[in-house]
Amino acid sequence: MNQAAVVCKDLEKSFRLSKKQQKIEKTPDRVKRAVRGLSFEAYPGEIFGLLGSNGAGKTTTLRMIATLIKPDGGSVEILGKDAVAFPDFARSNLGFLTSELKLEDYFTPNYLYRYFSELHGLDENADRKRMLFEKFGIDKFAEVRVADLSTGMKQKLSLVISLVHDPAVIVFDEPTNGLDVITAKAVTDYLGELKNEGKAIIISTHIFSLAEKLCDRIGIIVDGRMAALSDKQTLVGDRSLEDVFFDIYSMAAPAET
Ligand SMILES: Nc1ncnc2c1ncn2[C@@H]1O[C@H](COP(=O)(O)OP(=O)(O)OP(=O)(O)O)[C@@H](O)[C@H]1O
Ligand SMILES: [Mg+2]
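Quick caveat: nothing in here was measured; it's all calculated off a predicted structure.

Caption draft 1: Structural context of the overall build of the protein. Summing up its helical and strand segments, the protein has 10 helices and 10 strands in all. Its C-alpha radius of gyration of 19 Å places the protein within 12% of the 18 Å reference for a compact globule of 257 residues. In terms of overall dimensions, the protein has a C-alpha envelope of 55 × 45 × 35 Å along the principal axes. Looking at the protein as a whole, 36% of its 257 residues qualify as buried. Taking the contacts inside the protein whose residues are at least 6 apart along the sequence as the reference set, 72% of them involve residues at least 24 apart.

Pasting the structure below:
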């Protein structure tokens, strides 16, 4: 295999819990250990999937990779450089996508594309913009304000503007969250194209069928720990990913705090 584009080593992240949150979670602990010693790598030309149930630590892990939060321990390397020491390098080589990204209502796709290009210190690449806008049907809405776009169109626009700088590493939290089947297919087809172009793609999901269809390698996170990590074929064999997941989930040791 070629050199890893992303290397996560022994990642740790804890959050302080408010008194109210302690009550909700029925725990005497003041600290939630969201990610506990997570290690994995992602290679150019593959889609790596982090699979885990709600609260497993997927988003926290992806946010550390995308330099949005700092790890308490361990390290992330993007294209061979430490992401904490060289955050600008990491950000210029990485696109972070999430269905949570909120776009300013007032602006149009044309404006936002130019704005995000400039944010990355790039001149707007008209050919790339045309290609991306056409691919996702944004071209017909290029001068429509975000407020007047459909939810799916907003999602597709946020995907496009997260990738204006054509990054080598793409990190996508829950790629199909909230999308209808048509839009979801457009997004997952495009992830397949990016993979074929040689991008290293990391997605998180709790949807087995998505992981099964899209991912080359899968890491299963249980309670912030990597409970299994393998290429899909070895992990699943002749079973379903869902069955494998339940086995791993029930075998994973109960978390100590
Ligand atoms: N800023 C924060 N403050 C306190 N606790 C947090 C914070 N962010 C995440 N957590 C907690 O850390 C744990 C992991 O959260 P995370 O969002 O990474 O899970 P996830 O695997 O993405 O779950 P989901 O599938 O629901 O998106 C959860 O218990 C969550 O409540
Ligand atoms: Mg999440």
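Structure shown, so let's carry the discussion forward.
Caption draft 2: Seen up close, the site of ligand 1. In the vicinity of ligand 1, the contacting residues are Phe15, Lys32, Ala34, Gly52, Asn54, Gly55, Ala56, Gly57, Lys58, Thr59, Thr60 and His206. The set of elements that each furnish at least two residues to the shell around ligand 1 consists of β2 (31-42) and α2 (58-65). If you tally residues by element for the shell around ligand 1, the top one is α2, at 3 residues. Split into classes, the residues belonging to the shell around ligand 1 amount to 3 nonpolar, 7 polar and 2 charged.

Caption draft 3: Focus on the sheet that holds strand β8 (residues 200-205). The 6 strands are arranged β6-β7-β8-β3-β9-β10 in an open sheet whose pairing can be described as mixed. Edge positions in the sheet fall to β6 (94-98) and β10 (225-231), since each has one partner strand and no second. Recorded for the sheet is a direction-independent mean angle of 15° between the axes of neighbouring strands. Pairing of β6 with strand β7 (residues 169-173), which is carried by 5 bridges, proceeds in the parallel orientation. Within the sheet, the bridge partner assigned to Phe96 lies in β7 and is Val171. Each of β3 (46-52), β7, β8 and β9 (217-222) is contacted by α2, which is oriented at about 155° to β8, the strand it contacts most. Of the strands in this sheet, β3, β9 and β10 touch helix α10 (residues 241-251), which is tilted by about 35° from β9.

Caption draft 4: Seen up close, the domain arrangement of the protein. As far as domains go, the protein holds domain 1 (6-93 + 167-251) and domain 2 (100-160). Here domain 1 and domain 2 have C-alpha centroids that lie 26 Å from each other. Facing 8 residues of domain 1, the contacting portion of domain 2 comprises 8 residues. Broken down by element, the residue count for the side of domain 1 that touches domain 2 peaks at 4 residues, all from helix α7 (residues 181-196).

Caption draft 5: Layout of the pairing of β9. For β9, a buried count of 5 out of 6 residues is recorded, marking the element as mostly surrounded by other parts of the structure. When β3 meets β9, the two strands line up parallel, connected through 5 bridges. Following the sheet pairing, Gly52 is matched in β9 by Ile221. Pairing of β9 with β10, which is carried by 6 bridges, proceeds in the antiparallel orientation. Residue pairing across strands places Arg217 opposite Asp231, the latter belonging to β10. Hairpin remark: β9 followed by β10, antiparallel, with 2 residues in the connecting loop; positive phi at Asp223, about 55°.

Caption draft 6: Summary view of the environment of Leu97. Take Leu97: it is sitting in strand β6. Along the backbone, Leu97 and Ile203 are 106 residues apart, and their C-alpha atoms lie at a distance of 9.3 Å. The contact partners of Leu97, leaving out residues within four places of it in the chain, are Leu159, Ser162, Ile170, Phe172 and Asp173.

Caption draft 7: A look at the sheet that holds strand β1 (residues 6-16). Strand order in the open sheet made by the 4 strands is β2-β1-β4-β5, with antiparallel pairing throughout. In the strand order of this sheet, the two ends are held by β2 and β5 (81-82), each with one partner. Pairing of β1 with β2 involves 9 bridges; the strand directions are antiparallel. Within β2, the position partnered with Val6 by the bridge is Ala42. On the sheet, α2 packs against β1, β2 and β4 (73-78) and is oriented at approximately 120° with respect to β1.

Caption draft 8: Representation of the nonpolar core within the structure. Among the nonpolar cores identified, the biggest contains 60 residues, and Val6, Ile65, Ile78, Val169, Val171, Ile201 and Ile202 are the most heavily contacted of them. The greatest single-element share of this core, amounting to 5 residues, is contributed by β2. Residue assignment places this core across two domains, with domain 1 (6-93 + 167-251) and domain 2 (100-160) each supplying three or more. Dropping the residues within four chain positions of it, Val171 is found in contact with Leu62, Ile65, Ala66, Leu94, Phe96 and Ile202.

Reading guide: rules and limits
Residues numbered from 1 in each chain as written. Chains lettered and ligands numbered in written order. Predicted model: local features only at pLDDT ≥ 70, side-chain atom pairs only at ≥ 80, totals over all residues. Helix = DSSP H or I, 4+ residues; strand = E, 2+ residues; numbered from the N terminus. Rg over C-alpha atoms; globule rule 2.2 N^0.38 Å. Buried ≥ 20, exposed ≤ 12 C-beta atoms within 10 Å, placed from the backbone. Contact = placed C-beta atoms within 7 Å. Near = placed C-beta within 6 Å. Nonpolar A, V, L, I, M, F, W, Y, C, P; charged D, E, K, R; others polar. Pairing = 2+ DSSP bridges. Axes fitted to C-alpha atoms, helices over the stretch in contact; angles between N-to-C directions. Domains from an automatic or database assignment. Core = buried A, V, L, I, M, F, W, Y, C linked by C-beta atoms within 7 Å.

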